[in-house]
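# Chain and residue survey
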Amino acid sequence: MKKYLSDSSSLGKLSVLIGLFVIAPLIVLPWYPEDAKYTLSFLIPGAVSILFGILMGLFGKKDSEVPTDWRSQMGRSSLTVLFAWGWGVLVGTVPFVLGGQLRIVQALFEAVSGWTTTGLSAMDITTVPMIYLFHRSFMQYCGGLGFIMMMIIFISNKQSMNLYSAEGHPDKIMPNIKRTAQAIFLIYNTCLVLGSIAYRIAGMTWFDSICHCMCSLSTGGFSTKLMSIGEYNSLSIEIITIVLMLIGTTNFAALLLLARGKIRSFFRVSEVKFMFILLAIFIPPTAVSLAHGLDIGLAEGFRKSAFDMVSALSTTGYSTMSYAEWPHFAIGVLILMMIIGGGMGSTAGGIKLSRVYLTLRICAIQIKKKLSPGSTVKAPHYVKSTGKTPIDQELADETTGFVLVYLVVYVIGSLVMTVTADCTLTEAMFDFASALSTVGLSIGITGPMTNDATLIVEMIGMLLGRLEIFIVVIGFTFGFGRLKDMLCRKKRS
Amino acid sequence: MKIKKQDTYTVIIGCGRLGANLANTLSDEGENVLIMDENKESFRRLASNFGGLSVVGNGTDLDELRRAEINRATAVVAVTNDDNTNIMIAQIARDVFSVEHVIARLYDPECETVYQKFGIDTICPSALSAKEIDKLLCSIQTKEGE
């Protein structure tokens, strides 16, 4: 039975898993019986997805029959990842539509925003039933790890590693793929339990504390309150949130170092150092700018600046206030933070800290090379959580290539947004950075009143950002290639 | 059975054709594998679905071995392209880290007897091939004799 399970097609397993995720919110019913009328809206899409998955498992192509040459495997894994995310979005959308909560495009937007851990919302939170709030938070919690990771935790087979790297998880922390996934899952859940208890002690209700904790760990940022974390206006809740966001944005391998008590090697990791340096450089000037521009005290400025900087850099997107009156300098720094994003191999989005760090290092190396005599030999390296890694040509090419593509997508998206949303360039840049880096802060143009075109642009941004662009390109190229092959064969026969 | 599988942890030193092949097979079976090689380029021999760890490092360096948690390993396989290195790694694994099962590959069959005294299992491709070829020859001769 077990062997049969692990051999059946990944698509089927993913579909069953997604179905289970969508049914999961029903567990809040005992506490909120008044939401029982929405049971069917969750049960129908979940059951359909599970049934579809079982059928795929029974009649679909087995994983072990898949050809094993390198090129087609890469394409196939990318396509599987794309399918998982596409199907997840579709199934996650249905409950909103069946329950009569949102229009179709808005519901799609909400589901994309949930699974990609963005946190932009087209819902009016004040009137939403509890079960939907939980659905949104739970989507982010699962999306934080990714569907493939979730699947590997339960069942792994020969294809697992291909899929795992295709979904953009760079780290192996255990000598076995299944155990790597399980270790990450354990860290993640332990943090959830501890975080929820901390929130509860700080004064939230259990429901709010679990929802908020799920969303800050996954660097998602959906809140159950209209004003987000700002609603509580409590310093202790803000501090807990900052800590959870920092945990969420740190790469899992580094977290494992910390969990094992290797604190010194944790702080030696380049990415972690870079994150703290960035925060140390940008929080004080922003605090001064806020204190000056909003006419609040310096201490208050520091509190706001620290919270929002961490929220943007970790790509979480919790806020304590509206950004409409913020000075331009502070807005600019926030955009910069959002684009830089969180750690590689964490739940965060953005260009990723280590890529930005590497790009800066590569620039520095270039300049040094120009200044020093031609015969100088250098062997630069940086520290990953697994140990020292040399910065070689391949890594440099890969990094700069990704950064460039990311920025190109960002510029195009921002320009399109200025047309669709009819807003200023700053507003468009802010909200598109927020979507592309899966942050979820909004300067005010994304909300229940936003038009469909803008929502679609942001949806594309979120998906590209979460799946790291290249996978989408590879998957589509492979998919079109297969389609062309099929059409040609039909013509001939 | 399942618990036992979780506990095995194989460290392979040397990512040549043999090492990579072995690592792929073990990883496919869902075992814990770590493979170490001095040269990063060698890891391209691993299949894309290799799920274990790959570490760049010298297999005779105690610090590198410690980083690979060799003391937790249930088996160490030394398959670099040099007999002396293999023997040295095998001895380190056995005496310094007291690993239970140590296997080394030897190109030169003459060394074999010496190292069996150390309690190191050795695999000698040339001796194995000689045996197999001998068997084939024998079967041919018996057929002709009939």
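Residues numbered from 1 in each chain as written. Chains lettered and ligands numbered in written order. Predicted model: local features only at pLDDT ≥ 70, side-chain atom pairs only at ≥ 80, totals over all residues. Heavy atoms only, no water.

## Here we look at the overall build of chain B
Of the regular secondary structure elements, chain B holds six helices and six strands. For chain B, the sequential pattern of α-helices and β-strands runs α-β-α-β-β-α-β-α-β-α-β-α. With respect to the three principal axes, the spread of C-alpha positions in chain B is 60 × 35 × 35 Å. The buried share among the 146 residues of chain B stands at 40%. Per element, the accessible surface of chain B, about 8,500 Å² overall, is 52% carbon and sulfur. (Helix = DSSP H or I, 4+ residues; strand = E, 2+ residues; numbered from the N terminus. Buried < 20%, exposed > 50% of the residue type's maximum accessible area, 1.4 Å probe, protein only. Areas by Shrake-Rupley, 256 points an atom, 1.4 Å probe, with all protein chains shown as cover.)

## Remarks on the overall build of chain A
When its secondary structure is counted, chain A shows 21 helices and two strands. The C-alpha atoms of chain A give a radius of gyration of 23 Å, which matches the 23 Å a tight globule of 493 residues would have. For chain A, the spread of C-alpha atoms along the three principal axes comes to 70 × 70 × 50 Å. Relative to its 493 residues, chain A shows a buried fraction of 58%. Taking the intrachain contacts of chain A between residues at least 6 apart in sequence as the baseline, contacts between residues at least 24 apart amount to 71%. Taken as a whole, chain A presents about 21,200 Å² of accessible surface, with 70% of it coming from carbon and sulfur. One way to put it: in chain A the 39 positive side-chain charges average out to a point 14 Å from where the 29 negative ones average out. (Rg over C-alpha atoms; globule rule 2.2 N^0.38 Å. Contact = heavy atoms within 4.5 Å. Lys, Arg positive; Asp, Glu negative; His and termini not counted. Charge placed at Lys NZ, Arg CZ, Asp CG, Glu CD.)

## Details of the interface of chain A and chain B
In this assembly, 17 residues from chain A lie in contact with 18 residues from chain B. Per-residue buried area on chain A facing chain B is highest for Lys 172, Pro 175 and Arg 179 of chain A; these three make up 39% of the total on that side. Connecting chain A to chain B are one salt bridge. One salt bridge in this structure joins Lys 40 of chain B and Asp 392 of chain A, with 2.9 Å as the shortest N-O distance. Taken together, the links from chain A to chain B amount to five residue pairs in polar contact (both at pLDDT 80 or more). Sorting the residues of the side of chain A that touches chain B by element identifies α4 (70–98), α8 (160–166) and α9 (177–202) of chain A as the ones contributing at least two each. Considered class by class, the residues forming the side of chain A that touches chain B number six nonpolar, five polar and six charged. (Buried area = accessible area lost by both parts, 1.4 Å probe. Salt bridge = Lys/Arg side-chain N within 4 Å of Asp/Glu carboxyl O. Polar contact = N/O pair within 3.5 Å; in protein donor to acceptor, adjacent residues only side chain to side chain. Nonpolar A, V, L, I, M, F, W, Y, C, P; charged D, E, K, R; others polar.)

## Description of the side chain of Ser 414 of chain A
Residue and element names in this part refer to chain A. Within the secondary structure, Ser 414 is located in helix α18 (residues 393–420). Overall, the relative accessible area of 3% leaves Ser 414 in the buried class. Polar side-chain contacts of Ser 414 include one of 2.8 Å to the backbone oxygen of Tyr 410. If we skip the residues at most four places from it in the chain, Ser 414 touches Ala 428, Met 429 and Phe 432.

## Remarks on the packing of aromatic side chains
All names here are of chain A. Here the structure, examined in full by the defined rule, presents 24 aromatic pairs over all chains. Taking the centre distance of 5.9 Å and the plane angle of 10° together, the rings of Phe 134 and Phe 138 count as stacked. Here Phe 134 pairs with Phe 138, and both are found in helix α6 (residues 130–145), just four residues apart, close to one helical turn. The residues Phe 134 and Phe 138 share a single accessibility class, namely buried. Members of the aromatic cluster, connected to one another through ring pairs, are Phe 21, Tyr 32, Trp 85, Trp 115, Phe 134, Phe 138, Phe 147 and Phe 207. Positioned above the aromatic ring of Phe 222 is the side chain of Arg 136, whose terminal nitrogen or guanidinium carbon lies 4.0 Å from the ring centre. For the cation-ring pair, Arg 355 lies above Phe 402, with the distance from its terminal atom to the ring centre recorded as 3.9 Å. (Phe/Tyr/Trp six-rings, centres within 6.5 Å; stacked < 30°, edge-to-face > 60°. Lys NZ or Arg CZ within 6 Å of the ring centre and 35° of its normal.)

## Structural notes on the sheet that holds strand β4 (residues 75–78) of chain B
All names here are of chain B. Spatially, six strands are ordered β3-β2-β1-β4-β5-β6 in an open sheet, and the strand pairing comes out parallel. The two strands at the open ends of the sheet, each matched to only one other strand, are β3 (53–56) and β6 (121–123). Each adjacent strand pair in this sheet contributes to an overall mean axis angle of 20°, direction not counted. Two elements, β4 and strand β5 (residues 101–105), share four bridges in a ladder whose sense is parallel. In the strand pairing of β5, Val 77 is matched with Ile 103. Together, β1 (9–13), β2 (32–37), β4 and β5 form the strand contacts of helix α2 (residues 17–28), whose direction differs from that of β2 by roughly 160°. Packing against the sheet, helix α4 (residues 83–96) makes contact with β1, β4 and β5, and its axis sits at approximately 175° to β5. (Pairing = 2+ DSSP bridges. Axes fitted to C-alpha atoms, helices over the stretch in contact; angles between N-to-C directions.)

## Description of unusual backbone geometry
All names here are of chain A. Even without being a glycine, Lys 352 presents a positive backbone phi close to 95°. When you line up the elements, Lys 352 lands in the loop between α16 (328–340) and α17 (353–371). You can call Lys 352 buried: its relative accessible area is 6%. Positive phi outside glycine occurs at Ile 469, with the angle close to 55°. The topology assignment puts Ile 469 in the loop between α20 (452–466) and α21 (470–492). For Ile 469, a relative accessible area of 4% puts it in the buried group.

## Describing empty space enclosed by the protein
Residue and element names in this part refer to chain A. Per the counting criterion, the structure on display carries three cavities of 30 Å³ or more. Approximately 60 Å³ is the volume attributed to the largest cavity. Lining of the largest cavity is provided by Glu 167, Gly 168, His 169, Gly 345, Ser 346, Ala 348, Lys 352, Arg 466 and Glu 468. Tallied by class, the residues present in the lining of the largest cavity amount to one nonpolar, four polar and four charged. (1 Å grid on protein atoms, 1.4 Å probe; cavity = no way out; pocket = protein on both sides within 12 Å on 5 of 7 lines; lining within 4 Å. Points joined across faces, edges and corners; volume = space filled by probe spheres on them.)

## So, the pattern of salt bridges
Considering all chains together, one arrives at twelve salt bridges over all chains under this definition. When salt bridges with common partners are traced through the structure, they connect Lys 352, Arg 355 and Glu 468 of chain A into a single cluster.

## A closer look at the confidence of the model for chain A
For chain A, the mean per-residue pLDDT works out to 87, and 96% of the residues sit at or above 70. Model confidence for chain A, summarised as mean pLDDT per element, is weakest for helix α1 (residues 2–7) of chain A at 55 and strongest for α18 of chain A at 93. (pLDDT = per-residue confidence, 0-100.)

## Things to note about a positive patch on the surface
A surface patch of positive charge is lined by Arg 264, Arg 268, Lys 273 and Lys 388 of chain A. On the accessibility criterion, Arg 268 of chain A (44% relative accessible area) is partly exposed. (Patch = residues over 30% accessible without salt bridge, like charges linked within 9 Å, V, L, I, M, F, W, Y side chains within 5 Å.)

## Let's talk about the state of the cysteines
Per the stated rule, a full pass over the model turns up zero disulfides over all chains. With no disulfide of its own, Cys 213 of chain A has Cys 191 of chain A as its nearest cysteine by sulfur position, at a separation of 8.0 Å. Cys 138 of chain B takes part in no disulfide bond, and the closest cysteine sulfur, belonging to Cys 124 of chain B, lies 19 Å away. (Disulfide = S-S within 2.5 Å.)

## A word on a nonpolar patch on the surface
All names here are of chain A. A grouping of Leu 40, Leu 43, Ile 44, Val 48 and Leu 98 is seen on the molecular surface, where their side chains present a nonpolar patch of about 440 Å² in accessible area. Tallying contributions element by element places helix α3 (residues 39–59) first for the nonpolar patch, with four residues. Tracing the backbone shows Leu 98 in helix α4. Overall, the relative accessible area of 46% leaves Leu 98 in the partly exposed class.

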